[in-house]
Amino acid sequence: MDYLVISGGKRLRGKVEISGAKNAALPIMAGVLLCEGEVTLRNVPDLMDVRTMEHLLNKLGVASRREADGTLKFRVEDEMNCHADYELVRRMRASVCVMGPMLAKRGRAQVSMPGGCAIGDRPINLHLSGMANLGADVDLVSGDVVLKAKRLTGTEIFLGGPFGSSVTATVNVMMAAVLAEGRTIIESAACEPEVADVANFLNACGARISGQGSPRITIEGVKQLKGCDYTVIPDRIEAGTFIMAGAITNGEVRITNCRLEHLLAVVDRLRRIGVNIERDGEDILVSSSRRLDPVEVTSQPYPGFPTDLQAQIMALLCLADGNSIITEKIYPDRFMHVAELNRLGAKLHKEGPTVIVEGVKKLIGAPVMASDLRASAALVLAGLVAKGETRINRVYHIDRGYEKFERKLQNLGADIERRSDASGE
Ligand code: EPZ
């Protein structure tokens, strides 16, 4: 098993280029199932999750090839197999996004119910009620959801859940509606930039979608989608992670290939605690040269503060000059990183969906365990500033969602390296 070893104390300096957005690339790849003709995708990050989605598409009859510059090309060749099985879905929840396109294009879909994961339950009731609203028959058979529909019919669908909108439910229902008869309106749709990117990809293939990025998305059904050549947006979560890496090390970092407008809630909180964040053309310049102030952070659906950066800002606030309060409104159990950060000398007190972060003067390196993708990134941030050596086990979590993570950090001056350990830990 690979692990990371970090010697803390280096201030990050230099330039880092952000990769394509994982959470846009994955559903867009699923959208290939709707298309007749070749699809070319550019700026797709080379991640474990992308390779898992590619493998799933191959099993569903899609031919794929990866070109030298990272461009991916796809073509649907066989529509017989419509089963996304447990082995693949349990590894990656985003597999559920093949449901809508397969149902719309093939008239049937069989997808394993995703299990839970480190950040909490991952229900798909909103996905299924959306498909049923469009006219699908939905059954649960031995842990799989089986959906059938000769032809889907457009309708009005309210997609709000107990935690607000759902990103992949919005994407799944939108993709199912693209080939439906007539107009579909999705009310309480997720507004994330990744949802808009999927809609823009589908429109490039001939779909008729409007309102993407707003809580109301309208889809006029069309007869078929052709292929297209599409470039995925930059990853705002990776960008936010590197902004915080520059801040936590009191460094000076230039971040290229990112969209500041996708991170306004994050920039608001970071400026409030004393991080200097400036736009320089298309780049973001980050610097910090002092102990940061405490702040209150609550994760919300976009445009609110993203839950995928909650663990990372918690790591940053461990060293603030005072007490901060972090409340998780999307996944109330998304706190596996709390105990690990406390092992590094943080003073975190969890009260239900809220964590009180008592600022400390320093963190001390230690062995810690990664539990999920974003918690792992938070532990790396803490390791960059902790005194001494931090060892982060189960680094495969990071490989799922961050492209060349330790190499990008090394290029910024971090003392971080990947090692292999036969222990299997
Ligand atoms: C997407 O997951 C992202 N994943 C997650 O990123 C991200 O944390 C999440 O959105 C929230 O922003 C991808 O896009 C592949 P949701 P998703 O449906 O779509 C509840 C990462 O680290 N809900 O928006 O699965 C759900 O329990 C990953 O890159 C229902 O109740 O999240 C949660 O509390 C982690 N019923 C809330 O809604 C449903 O049918 C938001 O979940 C669906 C969701």
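So, how was this worked out
Residues numbered from 1 in each chain as written. Predicted model: local features only at pLDDT ≥ 70, side-chain atom pairs only at ≥ 80, totals over all residues. Heavy atoms only, no water. Buried < 20%, exposed > 50% of the residue type's maximum accessible area, 1.4 Å probe, protein only. Helix = DSSP H or I, 4+ residues; strand = E, 2+ residues; numbered from the N terminus. Contact = heavy atoms within 4.5 Å. 1 Å grid on protein atoms, 1.4 Å probe; cavity = no way out; pocket = protein on both sides within 12 Å on 5 of 7 lines; lining within 4 Å. Points joined across faces, edges and corners; volume = space filled by probe spheres on them. Nonpolar A, V, L, I, M, F, W, Y, C, P; charged D, E, K, R; others polar. Near = heavy atom within 4 Å. Polar contact = N/O pair within 3.5 Å; in protein donor to acceptor, adjacent residues only side chain to side chain. Areas by Shrake-Rupley, 256 points an atom, 1.4 Å probe, with all protein chains shown as cover. Core = buried A, V, L, I, M, F, W, Y, C linked by side-chain atoms within 4.5 Å. Domains from an automatic or database assignment. Axes fitted to C-alpha atoms, helices over the stretch in contact; angles between N-to-C directions. Parallel < 35°, antiparallel > 145°, perpendicular 65-115°, else oblique. Left-handed = near helix turned anticlockwise from the far one by under 90°.

Describing helix H11 (residues 336-343)
For step 1, the next point in the chain: Buried residues of H11: His 337, Val 338, Glu 340 and Leu 341, and no others.
For step 2, the next point in the chain: Where H11 is buried, its residues touch helix H10 (310-317), strand S22 (347-351), strand S23 (354-358), strand S24 (367-369) and helix H12 (373-385).
For step 3, the next point in the chain: Following H11 by one or two positions, Gly 345 has its phi on the positive side, about 100 degrees.

Details of the layout of surface pockets
For step 1, the next point in the chain: Here the second largest pocket defines a volume of roughly 320 Å³.
For step 2, the next point in the chain: Taken together, 19 residues make up the lining of the second largest pocket; nearest its centre are Ile 248, Asn 250, Leu 319, Lys 361 and Val 385.
For step 3, the next point in the chain: Sorting the residues of the lining of the second largest pocket by element identifies helix H8 (236-248) and H12 as the ones contributing at least two each.
For step 4, the next point in the chain: Each residue belonging to the lining of the second largest pocket can be placed in one class, and the counts come to nine nonpolar, three polar and seven charged.

Points about unusual backbone geometry
For step 1, the next point in the chain: Tyr 302 connects to Pro 303 through a cis peptide bond whose omega is 10 degrees.
For step 2, the next point in the chain: Locating Pro 303 in the fold gives a position in the loop between strand S20 (296-299) and H10.
For step 3, the next point in the chain: Positive phi, close to 55 degrees, is recorded for Asn 250, a residue that is not glycine.
For step 4, the next point in the chain: You can see Asn 250 is positioned in the loop between H8 and strand S17 (252-256).
For step 5, the next point in the chain: The phi angle at Asn 257 is positive, at roughly 55 degrees, despite the residue not being glycine.

Observations concerning the site of the ligand
For step 1, the next point in the chain: As a structural note, the neighbourhood of the ligand is formed by 24 residues, with Arg 93, Ser 166, Thr 168, Asp 308 and Ile 330 the closest of them.
For step 2, the next point in the chain: Contacts to the ligand include Arg 93, whose side-chain N or O atom sits 2.3 Å from an oxygen atom.
For step 3, the next point in the chain: The side chain of Arg 334 places a nitrogen or oxygen atom 3.5 Å from an oxygen atom of the ligand.
For step 4, the next point in the chain: Bound to the protein, the ligand loses 92% of the 820 Å² it would expose on its own.

Side note on the environment of Ala 311
For step 1, the next point in the chain: Among the structural elements, Ala 311 can be located in helix H10.
For step 2, the next point in the chain: Judged by its relative accessible area of 3%, Ala 311 is buried.
For step 3, the next point in the chain: When the C-alpha positions of Ala 311 and Ala 68 are compared, they lie 34 Å apart, and in sequence the two are 243 residues distant.
For step 4, the next point in the chain: Dropping the residues within four chain positions of it, Ala 311 is found in contact with His 337, Arg 374, Ala 375 and Ala 378.

Observations concerning the nonpolar core
For step 1, the next point in the chain: Membership of the largest hydrophobic core comes to 80 residues, with the highest contact counts inside it found for Val 98, Met 174, Phe 201, Leu 202 and Leu 225.
For step 2, the next point in the chain: Looking at this core element by element, the count peaks at seven residues for helix H6 (residues 167-177).

Looking at empty space enclosed by the protein
For step 1, the next point in the chain: What the rule picks out here adds up to two cavities of 30 Å³ or more.
For step 2, the next point in the chain: Roughly 50 Å³ of volume is contained in the largest cavity.
For step 3, the next point in the chain: Lining the largest cavity, in full, are Ala 21, Lys 22, Asn 23, Glu 194, Asp 235, Arg 236, Ile 237 and Arg 374.
For step 4, the next point in the chain: In terms of residue class, the lining of the largest cavity is built from two nonpolar, one polar and five charged.
For step 5, the next point in the chain: Here the lining of the largest cavity spans two domains, and each of domain 1 (2-19 + 234-420) and domain 2 (22-231) adds at least three residues to it.
For step 6, the next point in the chain: Here the second largest cavity is characterised by a volume of approximately 30 Å³.
For step 7, the next point in the chain: Looking at the second largest cavity, the residues that line it are Pro 234, Asp 235, Arg 236, Ala 239, Cys 258, Arg 259, His 262 and Leu 263.
For step 8, the next point in the chain: Tallied by class, the residues present in the lining of the second largest cavity amount to four nonpolar, one polar and three charged.

A short note on the packing of helix H5 (residues 125-133) against H6
For step 1, the next point in the chain: Packing of H5 against H6 leaves a shortest axis separation of 8 Å and a crossing angle of 20 degrees. If you check the angle between H5 and H6, you find them roughly parallel. Of the two possible hands of crossing, H5 and H6 adopt the one that is right-handed. For the pair H5 and H6, the contacting residues are Leu 126, His 127, Gly 130 and Met 131 in the first and Thr 168, Ala 169, Asn 172, Val 173 and Ala 176 in the second.
For step 2, the next point in the chain: Across the contact of H5 with H6, the residue classes tally to five nonpolar, four polar and no charged.

With respect to the packing of H8 against H10
For step 1, the next point in the chain: In contact at an axis separation of 10 Å, H8 and H10 are set at 5 degrees when each is read in the N-to-C sense. Here H8 is positioned roughly parallel relative to H10, judged by the angle of their axes. Packed against H8, whose contacting residues are Ile 237, Thr 241, Met 244, Ala 247 and Ile 248, the element H10 presents Gln 312, Ile 313, Ala 315 and Leu 316 at the interface.
For step 2, the next point in the chain: Its residues assigned to classes, the contact of H8 with H10 shows seven nonpolar, two polar and no charged.

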